[in-house]
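One-letter residues, chain by chain:
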Amino acid sequence: MARAKSYRTIAVANGIAADKAFGAVTPPLYLSSNFAFSKFEQSQDYEYSRTSNPTRDVLADTLAKLEGGSGAVVTPTGMSAIHLLLSRVPAGGLVVAPHDCYGGTYRLLAALKERHQLDVVFIDQSDSAALTSAFQRVPSLDWVETPSNPLMRVVDIRGIVELAGGSNVKVAVDNTFLSPALQQPLCLGADYVVHSTTKYLNGHSDVVGGAIVASDPVEVEALRSWANITGATGSPFDSYLTLRGIRTLFARVERQQSTALVIADFLLQHPAVSAVHYPGLPSHPTHGIAARQQKRLGCDAKL
Ligand SMILES: *Cc1c(COP(=O)(O)O)cnc(C)c1O
């Protein structure tokens, strides 16, 4: 059996030298909106770029592999990925969400609640009593964001997955802040991972984009179908740039982590600074959970 590729190799090389047309080493950028039919009344892989596009598909495949999922849907923004995933919740279904989630996520959830499209409860997910009582209300989805933006609060993904498993609640994790280089929520038992690829995955501040990776292939198909129906599919050019950004993901994130620790230490000792929120510091209240779940170990590694 061939040795499984390392996640670093996937980031650097997935889709390289796979072009069937001319043997291009770098996956080509297919901007075309339409693809010519080879035969009358015969369906083919690519027909119209809202539905599917070869450049976007290489990005989706790379994200799915990096997260250990069975497939991914690439969306135009992180918020459209979140909206697409929330559309899987039945009308009026309950979503348990973090009280300190990203502002845009909060705004969307609060608006959907106000319109009675969803029921939402915002809680501190590190508070096990609050979690237990929210789960007694039989939610459809638990939304996790760890570390949270911007307060860097860390919650225990596996603990939440165990609680959810008993009551069939789906668990989605916004993994924007760590990227799969540092945390793989599906390997910890979550059902979905959501990204704003705008941030670390693209990493060059020149694309706004998003993605959902799901562990269940049936869910991937359902999300792909709804993305096609609603038009929430990412552009080929953005996909090309994001894939190009991912090539250096590990190198960037590793360097950023060592730099962040130096800055956090400096700020900790600075007389003008009253608090430093950085889970990498041993003095951070959730440093223990961060050290356990944020290691880059891969799906088959023991935690
Ligand atoms: C930026 C961000 C989003 C929203 O993504 P956009 O690409 O800006 O739409 C969602 N979640 C987190 C944690 C973010 O940082």
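The rules behind each value
Residues numbered from 1 in each chain as written. Predicted model: local features only at pLDDT ≥ 70, side-chain atom pairs only at ≥ 80, totals over all residues. Heavy atoms only, no water. Buried < 20%, exposed > 50% of the residue type's maximum accessible area, 1.4 Å probe, protein only. Helix = DSSP H or I, 4+ residues; strand = E, 2+ residues; numbered from the N terminus. Pairing = 2+ DSSP bridges. Arc of directions from axis to C-beta. Contact = heavy atoms within 4.5 Å. Polar contact = N/O pair within 3.5 Å; in protein donor to acceptor, adjacent residues only side chain to side chain. Salt bridge = Lys/Arg side-chain N within 4 Å of Asp/Glu carboxyl O. Core = buried A, V, L, I, M, F, W, Y, C linked by side-chain atoms within 4.5 Å.

Engineer: Even after reading the chapter, I still don't get the pairing of strand 7 (residues 210–214), so can you show me in this structure?
Structural biologist: Within a regular strand, side chains alternate between the sheet's two faces. Of all five residues in strand 7, five are buried, a share of seventy percent or more. Bridge count for strand 1 (residues 71–75) against strand 7 is five bridges, and the pairing is antiparallel. For Ala72, the partnering residue across the bridge sits in strand 7 and is Val213. Pairing geometry for strand 6 (residues 192–196) and strand 7, over five bridges, is antiparallel. Following the sheet pairing, Ser196 is matched in strand 7 by Gly210.

Engineer: I'm lost on helix 5 (residues 128–135) in this one. Help?
Structural biologist: In an α-helix, one turn spans 3.6 residues; hence positions three or four apart end up facing the same way. Of the residues making up helix 5, those classed as buried are Ala130, Leu131, Ala134 and Phe135. In an axial view of helix 5, the angular spread of the buried residues amounts to 130°, which keeps them on one side of the axis. Facing away from the buried side of helix 5 by more than 90 degrees, the exposed set consists of Ser128 and Ala129. Here the buried face of helix 5 lies against strand 2 (94–98), strand 3 (119–123), strand 4 (141–145) and helix 6 (157–165). Looking at where helix 5 begins, the residue whose side-chain oxygen comes 3.1 Å from the main-chain nitrogen of Ala129 is Asp127.

Engineer: Help me out: how do you make sense of unusual backbone geometry in this one?
Structural biologist: Most peptide bonds take the trans form, and the phi angle of most residues other than glycine is negative. Note that the residue after Thr146, namely Pro147, is joined by a cis bond; omega there is -5°. Looking at the secondary structure, you find Pro147 in the loop between strand 4 and helix 6. At the junction of Asn149 and Pro150, the peptide bond is cis and its omega measures out at 10° in the coordinates. A positive phi angle, near 60°, is found at His116, a position not held by glycine. Within the secondary structure, His116 is located in the loop between helix 4 (103–114) and strand 3. Classification of His116 as exposed rests on a relative accessible area of 70%. Residue Ser179 is not a glycine yet carries a positive backbone phi of 70°. With respect to the element layout, Ser179 can be found in the loop between strand 5 (170–174) and strand 6.

Engineer: Hey, could you run me through the pattern of salt bridges in this one?
Structural biologist: A side chain of one charge can pair with a side chain of the opposite charge when the charged atoms of the two come close. Going through the model one piece at a time under the given rule, you end up with eight salt bridges. The partner of Glu221 in a salt bridge is Arg224, with the nearest N and O atoms 2.7 Å apart. With Glu221 and Arg224 both in helix 7 (residues 217–230) and three residues apart, this pair spans about one turn of that helix. One salt-bridge network, held together by shared partners, links Asp100, Asp124 and Arg153.

Engineer: What is the right way to look at the nonpolar core in this model?
Structural biologist: Taken as a class, soluble globular proteins show a tendency for nonpolar side chains to be buried jointly. Grouped together as the largest cluster of nonpolar side chains are 42 residues, with contacts concentrated most on Leu63, Ile123, Val144, Ile160, Val171, Val213 and Ile246. A per-element tally of this core places helix 2 (residues 54–67) first, with six residues. When near neighbours in sequence (up to four residues on either side) are disregarded, Ile246 contacts Ala11, Leu59, Thr62, Leu63, Leu66, Leu201 and Arg252. If you look at the next biggest cluster of nonpolar residues, it comprises 24 residues, including Leu109, Val120, Leu141 and Ala214.

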